[in-house]
Amino acid sequence: SKDWREALPKEVLEGVKAESVEFSPKFIPGVVTTPKYKDKKCRGLHFTVLDREKFEPIKLAVALLCAAQKLYPEEFKMTKYLDKLWGNEDLRAMVSEDHDYRAIMKTCEQGIDRFKKVRQKYLRYD
């Protein structure tokens, strides 16, 4: 997870603190019954938002996917569920083809801008 954190471009970590963590996935009643890697020691990253104005979660998520693909190409597997979250298969395809996160973000800037405008009326706080 330290390698994963270090593989992230510094600009995606603006407004957020990233810490390496160790954890063991557990059964959680009503939430997850069969977690992948149950009771095995895993490593990951824990994020704490420090500045909501600077933090851009979509950029961080895309950069995390790109870094995981580069660092762990054999272990890292994306499913079609990502397509549902993103709205199409473009993100999964570009990450699989080792596109840089900046290139991916450039292709989707208009969609993100539309999303932010629609989202604005549903935010509780400015």
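These numbers come from a predicted model, not from an experiment. (Residues numbered from 1 in each chain as written. Predicted model: local features only at pLDDT ≥ 70, side-chain atom pairs only at ≥ 80, totals over all residues. Heavy atoms only, no water.)

Now for the environment of F23. Position of F23 among the secondary structure elements: in strand β1 (residues 16-23). Expressed as a C-alpha distance, the spacing of F23 and K41, which sit 18 residues apart in the sequence, is 5.8 Å. Residues in contact with F23, not counting those within four places in the same chain, are K40, K41, C42, R43 and G44. (Helix = DSSP H or I, 4+ residues; strand = E, 2+ residues; numbered from the N terminus. Contact = heavy atoms within 4.5 Å.)

What follows concerns the side chain of Q69. Along the polypeptide, Q69 turns up in helix α2 (residues 57-71). Beyond its immediate stretch of four places on either side in the chain, Q69 contacts F76, M78, V95, S96 and D98.

Our focus in this paragraph is the layout of surface pockets. Considering only enclosed or pocket space, the largest pocket measures out at about 1100 Å³ in volume. Lining the largest pocket are 32 residues, with W4, L65, A68, F76 and K77 sitting closest to its centre. Those elements that provide at least two residues to the lining of the largest pocket are β2 (42-49), α2, α3 (81-86), α4 (90-96) and α5 (101-120). Of all the elements, α2 adds the most residues to the lining of the largest pocket, at 6 residues. Taken as a whole, the second largest pocket holds about 710 Å³ of empty space. The wall of the second largest pocket is formed by 20 residues, among which R52, F55, P57, R119 and L123 lie closest to the centre. Elements represented by at least two residues in the lining of the second largest pocket include exactly α2 and α5. Of all the elements, α5 adds the most residues to the lining of the second largest pocket, at 8 residues. (1 Å grid on protein atoms, 1.4 Å probe; cavity = no way out; pocket = protein on both sides within 12 Å on 5 of 7 lines; lining within 4 Å. Points joined across faces, edges and corners; volume = space filled by probe spheres on them.)

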